[in-house]
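For reference, the chains in residue letters:
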Amino acid sequence: MIYDVIIIGGGVTGCCIARTLSKYDLKIALLEKKADISMGTTKANSGVVHAGYAADRQYIKRHLSIHGNKLYTQAYRELNFPFQRIGSFVVAVEDSQIKDLEDERKKGIQDGVPNLELIFDKKRIKHMEPSLTDDAVAVLHAPTAGLVSPYELTFALAENAAMNGVKFFRSHEVVKIKHTDYTFTVRTFGDEFKCRNLINAAGLYSANISKMLGLDYFDIMPRKGEYILFDRNAMHLNKILFPIPTVVSKGILVCPTLHGNTFVGPNAQNITDTEDTSTTEAGLKEILEGARKLVPNLPLRASIRNFAGLRAVPDTHDFIIDNTDVYGFINVAGILSPGLTSCFAIAEKVKEFLELLGVVMKVKEDYNPIRPRPERFKDLSKEELDQKIQEDPTWGKIICRCEMIPEREILDAIHAPVGARTVDGIKFRCRPGMGRCDGGFCRPRVIEILSRELNINYEEVTKKGEDTNYLMCHTKDLLLNEIKRGEEAE
Amino acid sequence: MKKYEADVVIIGGGSAGMAAAIEVKKAGLDVLIIERDYELGGILLQCIHVGFGLHEFGEELTGPQYAQKFINQVNELEIPYLLDTMVIEITQDKTVYAVNNKDGLIMVESKAIILAMGCRERTRGAINIPGFRPAGIFTAGQAQRFVNIEGYLPGKTFVILGSGDIGMIMARRLTWEGCEVKAVVEINPYVSGLIRNQVQCLEDFNIPLILGYTVTKIHGKEKIRGVTISKVDTNFDRIVGSDRFIECDALLLSVGLIPENELTLNAGAELSSNNGPVVDNNLESTIEGVFACGNVLQVHDLVDMVTAEAKRAGNLAIEYINERYGKEVKREKQIRCIAGDNVGYIKPDLINLSDISKETMFTFRVKYPDRRIQIQFRDKENNQLIYKKNKVYVIPSEMVEIKLNLEENQIDTGCQHLIIDVVPRPEVLIEEE
Amino acid sequence: MFNSSQSAVKVIRCIVCPSGCTITATPDQSGNVNFEGYTCNRGLEYAKQEYYEPKRIITTTMRVENGFLPLIPVRTDTPILKDKLKDVLKEIAKIKVQPPIKMGDILIENVLGLDANIIASRNLNKI
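Computed from a predicted structure; not experimentally measured.

### Comments concerning the overall build of chain A
Here is step 1: On a plain count of helices and strands, chain A comes out with 13 helices and 23 strands.
Here is step 2: In terms of C-alpha radius of gyration, chain A reaches 24 Å, essentially the compact-globule figure of 23 Å for 490 residues.
Here is step 3: Along the longest, intermediate and shortest principal axes, the C-alpha atoms of chain A span 80 × 60 × 55 Å.
Here is step 4: Counting the 490 residues in chain A, one finds 61% classified as buried.
Here is step 5: Here the analysis covers contacts within chain A between residues at least 6 apart in sequence; of these, 70% occur between residues at least 24 apart.
Here is step 6: Accessible surface, chain A as shown: approximately 19800 Å² in total, 49% of it carbon and sulfur.

The following block contains the structure:
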């Protein structure tokens with residue numbers, strides 16, 4: 001079997017490309033190194049859909065993000081992922097910063113960013129965002145900026161792609177690629193795939209993949225960003241709050257999430273280890289200090305989690321989206337912020353590149369762009385809930401108390417196309433363990449359900465794939481081993 | 001939708017809920033217990049060690065034994081209960097909505113509600129340990145459930161952070177199952193739990209107790225492979241150069257308990273600084289007819305104290321139904337109790353002025369240990385010392401209980417705030433307690 | 001004659017109340033032991049017990065076959081010698097019991113001849 005297209009990388013970029021191409025009559029596969037999709041740079045991401053004014057005009061990322069923002073409207077209607085345009089503020093705290101904001105506004109409007117507005121009226125600012133610091137002298141308001149749950153978007157993209165025929169292979173790390181006679185042979189541990197066209201969306205590992213084909217024209221460096229998450233109800237924000245940006249990043253933001261939490265972060269540290277998602281004492285201090293400049297009264301006692309994510313930073317300072325010198329090989333690399341914003345525009349671009357390569361794009365007759373909205377206990381009225389439980393009792397069995405998740409939602413997460421195989425996979429698809437108890441009550445139940453539904457032992461259930469098992473052995477096993485060893489010694 | 005009616009609905013079928021239900025039932029009122037787990041008993045069922053029941057039954061019982069005695073009474077009295085049932089909403093008019101997988105949506109109309117949902121454990125997030133987020137990090141209670149109920153060991157070599165009782169008890173429990181506990185690490189310069197547990201759970205097995213240290217880094221990206229611990233200064237900041245690496249394949253956190261009050265908060269009741277509901281001297285929350293007892297109100301040291309408080313709540317709910325329910329009673333004037341020097345929180349939060357002739361049971365915890373202290377109750381408005389009591393020592397792990405009749409102590413009826421301080425004794429005298 | 005563990009000075013931390021007195025037990029030449037540091041009679045009694053014959057209650061679990069739960073919590077009905085703890089734990093580990101079980105049921109009688117029974121801490125039904 002020779003695929004028309006293979007995509008390497010199951011982050012938001014790879015999955016978005018897969019879904020966009022799934023509209024056409026093509027044989028497509030996606031290979032992901034980790035045990036689940038969306039678990040790399042996509043997972044620990046600010047989840048901000050930027051308005052698009054921030055990047056410099058010389059970069060394609062500016063144009064792709066402005067266009068990408070607009071594409072969210074239709075995608076949201078089709079894919080039913082959590083998304084809301086709540087608007088963002090860039091906050092000036094000194095008069096000297098106002099000129100920069102005014103420049104941003106002018107250029108943004110010229111380039112098609114809608115309704116950018118510079119607000120000086122302190123009363124109005126305070127009214128729009130009561131939590132904001134009194135030091136704010138002006139804000140740049142971008143009403144089209146929004147929030148998206150990056151992993152839920154990615155799951156939605158993958159599910160819809162799978163519904164339309166894309167094959168997903170998780171735990172398939174690419175170790176070798178050969179290119180002969182217009183055919184790529186892609187080797188993973190234990191498997192081999194063939195395809196005509198190969199798309200490299202491998203995030204932090206995209207430079208390595210490119211080098212496998214002898215293309216050594218860019219490098220990717222990991223840049224770490226740490227975050228602190230606060231409990232729901234701890235505070236309420238109306239807007240995404242940015243400081244005046246620096247050269248390396250858009251700065252430490254204070255931001256609501258679509259689930260009612262608030263987070264602060266990220267900072268920006270260039271590191272060398274692509275697996276280093278550890279948080280640090282200094283880093284956590286840094287983001288709290290940064291965040292306090294925007295919101296002085298942070299609910300420190302309500303912090304429920306800290307985590308770090310890595311951005312794939314290219315040495316070219318821009319997205320690398322190329323039809324390369326290797327015929328049929330497309331690099332989609334260095335997709336850091338505003339990559340999430342740009343994903344739909346990037347996927348369109350990749351489609352155009354494939355057309356240039358002569359791939360025939362014929363729309364499938366049975367293409368279905370709709371990924372149904374996952375049914376959520378929380379969205380149901382009491383009457384609907386009653387009806388649901390009568391039809392299916394698993395709606396009435398609450399597994400996660402903090403987030404009110406019934407067994408049904410967990411079963412749906414497991415049995416969805418490209419469904420969950422790990423505890424983290426379930427957590428990111430339907431939220432058990434995301435709450436303030438950090439999985440204290442629900443984890444044993446989730447392990448039990450996974451073990452039953454996947455027909456594996458308790459000890460084989462993992463947090464996030466190989467070598468992350470929760471449980472070691474049965475109670476008494478160690479004592480029984482000791483007894484056995486004692487008997488053998490005698 | 002299934003409908004029930006009861007004079008009193010009790011939310012939570014653990015030690016507090018069962019004790020309150022028994023009181024209500026014995027008074028001849030209709031009661032219904034709603035429990036989210038698959039059996040009655042609550043957290044006691046996983047606390048298989050001894051140390052329960054000395055006050056209540058005059059003998060040392062295990063948690064399951066203590067629970068079983070109450071479960072037996074609930075059954076003998078034919079008190080109805082719903083298992084596997086999750087309360088999703090409590091309304092101001094005391095209707096309780098719940099779901100389970102047999103009845104679907106359940107609506108219970110009641111005259112009074114007793115909140116008895118217990119508490120939950122503080123987690124790693126709440127204490128912000130830097131490092132990776134690998135598999136192998138558990139709260140002590142979670143590990144306890146795996147080992148004692150589900151039948152699995154979550155690791156072979158452990159480090160336990162926090163010297164609370166659950167942490168120390170788990171150290172012994174794991175040792176007894178053949179695991180190795182490398183250390184119990186405590187950020188404070190003193191042990192948080194009972195001395196008895198320090199001796200019988202740690203010293204008996206030569207498990208090192210490392211005071212004044214905390215975990216400052218978690219190692220291992222997939223599975224935990226160790227922790228760095230560091231000495232801290234008086235502000236709990238890491239002292240540079242004091243780092244030590246300890247290898248382990250699991251980390252247990254025993255870093256405190258918090259009353260579980262999401263339902264209470266959503267119902268519109270006020271919470272106080274300990275995350276328990278604000279209650280008056282009748283254990284009544286800021287919603288009329290909604291009472292709270294046990295660990296949902298404040299985390300107790302002993303289950304016997306939970307039982308005593310729950311019995312009181314049961315009787316106060318009965319009194320409410322008999323004397324105040326359905327009557328237009330004007331909200332009366334109240335004195336607000338304020339946690340002063342070295343007091344973490346104080347219960348009750350409010351005292352009805354009309355109740356000052358009755359005895360009030362005050363309970364509180366100190367923030368840090370101290371010796372040769374005086375507990376003082378002061379009327380803020382009149383700057384008058386109402387009551388004082390000397391104690392040889394106070395420690396955060398031991399709740400202080402004081403029964404007091406404010407009228408007999410000549411409180412002024414103009415008092416609006418009662419401040420409770422724990423201060424060094426004004427003059428040092430050799431006194432017997 | 002006293003064995004070696006009893007002839008040395010032993011420091012005992014009293015657990016009778018939260019004061020946590022440190023009690024020192026010092027044997028003299030003739031075998032009499034002098035206890036120092038206790039502040040009440042209960043403390044002295046405790047120290048004597050800890051010195052001459054330290055005992056503990058074991059609380060653990062026992063495996064259940066076809067039970068509503070895989071394990072049942074069990075305990076010794078009386079304290080047993082501290083240095084026999086491990087042997088008793090291993091003995092308990094070897095055994096599997098059948099439900100129904102009632103609280104107080106004796107699951108191992110006179111375990112290892114130590115004059116203590118292993119009893120069930122709760123009721124447990126079949127699956």
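So, next bit.
### Some details on the packing of aromatic side chains
Here is step 1: Counting across every chain of the model gives 28 aromatic pairs over all chains.
Here is step 2: Look at A:Tyr470 and B:Phe138: their rings are 6.4 Å apart centre to centre, the planes differ by 70°, and that puts the pair in the edge-to-face class. Pair noted here: A:Tyr470 is in the loop between α12 (442-453) and β23 (473-474) and B:Phe138 is in strand β10 (residues 137-139), and the two residues belong to different chains.
Here is step 3: Taking relative accessible area as the criterion, A:Tyr470 reaches 2% and is therefore assigned buried.
Here is step 4: An aromatic cluster is built from A:Tyr72, A:Tyr76, A:Phe81, A:Phe83 and A:Phe344, whose rings are joined through pairwise contacts.
Here is step 5: Over the ring of A:Tyr59 we find A:Lys61; its NZ or CZ atom is 5.3 Å from the centre of that ring.
Here is step 6: B:Lys69 extends its terminal NZ or CZ atom over the ring of B:Phe57, reaching a point 4.9 Å from the ring centre.

### Concerning the interface of chain A and chain C
Here is step 1: With six residues of chain A at the interface, the matching set in chain C holds ten residues.
Here is step 2: Roughly 720 Å² is buried in total at the junction of chain A and chain C, and carbon and sulfur atoms are behind 70% of that figure.
Here is step 3: Viewed at the interface, chain C and chain A are joined by two salt bridges.
Here is step 4: With a shortest N-O distance of 3.6 Å, C:Lys86 and A:Glu482 are connected by a salt bridge.
Here is step 5: Tallied by class, the residues present in the side of chain A that touches chain C amount to three nonpolar, one polar and two charged.

### A few points about the sheet that holds strand β16 (residues 226-231) of chain B
Residues and elements named next belong to chain B.
Here is step 1: Reading across from one edge, β15-β16-β17 is the order of the three strands in this open sheet, with antiparallel pairing throughout. At either margin of the open sheet sits one strand with a lone partner, and together these are β15 (213-219) and β17 (244-247). Direction aside, the axes of adjacent strands within the sheet are offset by 30° on average.
Here is step 2: Taken together, the four bridges between β16 and β17 define a ladder with antiparallel strand orientation. Looking at the pairing, Ile229 lines up with Arg244 of β17.

### Things to note about the interface of chain A and chain B
Buried accessible area, meaning the area lost when the parts come together, often serves as the stated size of an interface.
Here is step 1: Each partner contributes to the interface: chain A provides 57 residues, whereas chain B provides 53 residues.
Here is step 2: Here chain A and chain B share an interface that buries about 5000 Å² over both sides, 54% of which is from carbon and sulfur atoms.
Here is step 3: Taken together, the links from chain A to chain B amount to five salt bridges.
Here is step 4: Its salt-bridge partner being A:Lys382, residue B:Glu89 comes within 2.5 Å of it at the nearest N-O pair.
Here is step 5: Linking chain A to chain B there are 16 residue pairs in polar contact (both at pLDDT 80 or more).
Here is step 6: The set of elements that each furnish at least two residues to the side of chain A that touches chain B consists of α7 (281-292), β18 (303-314), α9 (382-391), α12, β23 and α13 (477-489) of chain A.
Here is step 7: A per-class count over the side of chain A that touches chain B returns 21 nonpolar, 14 polar and 22 charged.
Here is step 8: Pairing analysis gives two bridges linking β23(A) to strand β11 (residues 152-153) of chain B, with the strands arranged antiparallel. Residue pairing across strands places A:Cys473 opposite B:Leu153, the latter belonging to β11(B).

### Overview of the pattern of salt bridges
Here is step 1: Within the structure shown, the criterion is met by 60 salt bridges over all chains.
Here is step 2: Ionic pairing is found between B:Arg120 and B:Glu260, a salt bridge with its closest N-O pair at 3.5 Å. In this pair, B:Arg120 sits in strand β9 (residues 119-121) while B:Glu260 sits in the loop between β19 (257-259) and α8 (262-267), placing the two residues 140 residues apart along the sequence.
Here is step 3: Salt-bridge contacts for B:Asp355 lead to B:Lys358; the nearest nitrogen and oxygen are separated by 3.2 Å.
Here is step 4: Each of A:Arg445, A:Glu448, B:Asp37, B:Arg145 and B:Glu150 takes part in a single network of salt bridges with overlapping partners.

### Overview of the pairing of strand β26 (residues 384-394) of chain B
Residues and elements named next belong to chain B.
Here is step 1: Direction of pairing for strand β25 (residues 370-379) relative to β26: antiparallel, over a ladder of nine bridges. Bridging from a neighbouring strand, Ile373 pairs with Lys391 of β26.
Here is step 2: What sits between β25 and β26 in their antiparallel hairpin is a turn of four residues, with Asn383 showing a positive phi close to 45°.

### Regarding the pairing of strand β1 (residues 2-11) of chain B
Residue and element names in this part refer to chain B.
Here is step 1: Looking at chain direction, β1 and strand β8 (residues 104-115) are connected through nine bridges and run parallel. Bridge pairing links Ile11 to Leu115 in β8.
Here is step 2: The pairing of β1 with strand β2 (residues 31-34) spans four bridges and is classified as parallel. Residue pairing in the sheet places Val8 in a bridge with Val31 of β2.
Here is step 3: Each parallel crossover has a hand, and for β1 linked through helix α1 (residues 15-26) to β2 it is right-handed.

### Some words on the packing of helix α5 (residues 140-150) of chain B against helix α6 (residues 165-176) of chain B
All names here are of chain B.
Here is step 1: In contact at an axis separation of 10 Å, α5 and α6 are set at 30° when each is read in the N-to-C sense. Of the two elements, α5 crosses α6, and the hand of that crossing is left-handed. Only Ile166, Gly167, Met170, Arg173 and Leu174 of α6 make contact with α5, whose side of the interface consists of Ala140, Gly141, Ala143, Gln144, Val147 and Asn148.
Here is step 2: For the contact of α5 with α6, the per-class residue count stands at six nonpolar, four polar and one charged.

### Looking at the environment of C:Ala8
Residues and elements named next belong to chain C.
Here is step 1: When you line up the elements, Ala8 lands in the loop between α1 (4-7) and β1 (10-13).
Here is step 2: Residue class for Ala8 comes out partly exposed when judged on its relative accessible area of 38%.
Here is step 3: Considered as a pair, Ala8 and Leu69 are 61 residues apart in the sequence and their alpha carbons are 47 Å apart.
Here is step 4: In contact with Ala8, not counting residues within four places along its chain, are Ala25, Pro27 and Tyr51.

### Focus on the packing of α1(B) against helix α3 (residues 63-76) of chain B
Residues and elements named next belong to chain B.
Here is step 1: Two elements in contact, α1 and α3, have axes whose closest approach is 10 Å; the angle formed by their N-to-C orientations is 30°. The angle between α1 and α3 falls in the class roughly parallel. As α1 runs across α3, the sense of the crossing is left-handed. The segment α1 lies against α3, with Met18, Ala19, Ile22 and Lys26 engaging Ala67, Phe70, Ile71, Gln73 and Val74.
Here is step 2: Its residues placed into classes, the contact of α1 with α3 shows seven nonpolar, one polar and one charged.

### Some remarks on unusual backbone geometry
Here is step 1: Residue A:Pro266 is bonded to the preceding A:Gly265 through a cis peptide linkage, with omega at 0°.
Here is step 2: With respect to the helices and strands, A:Pro266 occurs in the loop between β16 (262-265) and β17 (269-270).
Here is step 3: Cis peptide bonds are those with omega within 30 degrees of zero, and the linkage from B:Lys347 to B:Pro348 qualifies with -5°.
Here is step 4: When you line up the elements, B:Pro348 lands in the loop between β22 (343-347) and β23 (350-352).
Here is step 5: Phi at A:Tyr182 takes a positive value of approximately 60°, unusual for a residue other than glycine.
Here is step 6: Relative to the helices and strands, A:Tyr182 is located in the loop between β10 (174-180) and β11 (183-188).
Here is step 7: A positive phi angle is found at C:Asp115, which is not glycine, with a value near 60°.
Here is step 8: For C:Asp115, the location among the structural elements is in the loop between β9 (106-108) and β10 (118-120).
Here is step 9: With relative accessibility at 67%, the residue C:Asp115 sits in the exposed group.

### With respect to the environment of A:Lys285
Residues and elements named next belong to chain A.
Here is step 1: When you line up the elements, Lys285 lands in helix α7.
Here is step 2: With relative accessibility at 46%, the residue Lys285 sits in the partly exposed group.
Here is step 3: With 18 residues separating them in the primary sequence, Lys285 and Ser303 have C-alpha atoms 13 Å apart.

### So, the nonpolar core
Here is step 1: Judged by nonpolar contacts, the single largest core of 85 residues is most densely connected at B:Ile10, B:Ile11, B:Ile114, B:Leu115 and C:Ile72.
Here is step 2: It is helix α9 (residues 303-323) of chain B that provides the largest number of residues to this core, a total of nine residues.
Here is step 3: With sequence-adjacent residues up to four places away left out, B:Leu115 is seen in contact with B:Ile11, B:Ile90, B:Thr264, B:Val290, B:Phe291, B:Ala292, B:Cys293 and B:Val296.
Here is step 4: The next biggest cluster of nonpolar side chains, apart from the first, holds 53 residues, and it includes A:Ile7, A:Ile37, A:Leu64 and A:Leu354.

Rules and cut-offs
Residues numbered from 1 in each chain as written. Chains lettered and ligands numbered in written order. Predicted model: local features only at pLDDT ≥ 70, side-chain atom pairs only at ≥ 80, totals over all residues. Heavy atoms only, no water. Helix = DSSP H or I, 4+ residues; strand = E, 2+ residues; numbered from the N terminus. Rg over C-alpha atoms; globule rule 2.2 N^0.38 Å. Buried < 20%, exposed > 50% of the residue type's maximum accessible area, 1.4 Å probe, protein only. Contact = heavy atoms within 4.5 Å. Areas by Shrake-Rupley, 256 points an atom, 1.4 Å probe, with all protein chains shown as cover. Phe/Tyr/Trp six-rings, centres within 6.5 Å; stacked < 30°, edge-to-face > 60°. Lys NZ or Arg CZ within 6 Å of the ring centre and 35° of its normal. Buried area = accessible area lost by both parts, 1.4 Å probe. Salt bridge = Lys/Arg side-chain N within 4 Å of Asp/Glu carboxyl O. Nonpolar A, V, L, I, M, F, W, Y, C, P; charged D, E, K, R; others polar. Pairing = 2+ DSSP bridges. Axes fitted to C-alpha atoms, helices over the stretch in contact; angles between N-to-C directions. Polar contact = N/O pair within 3.5 Å; in protein donor to acceptor, adjacent residues only side chain to side chain. Right-handed = clockwise from strand over helix to strand, strands pointing away. Left-handed = near helix turned anticlockwise from the far one by under 90°. Parallel < 35°, antiparallel > 145°, perpendicular 65-115°, else oblique. Core = buried A, V, L, I, M, F, W, Y, C linked by side-chain atoms within 4.5 Å.

By themselves these figures say nothing about function.
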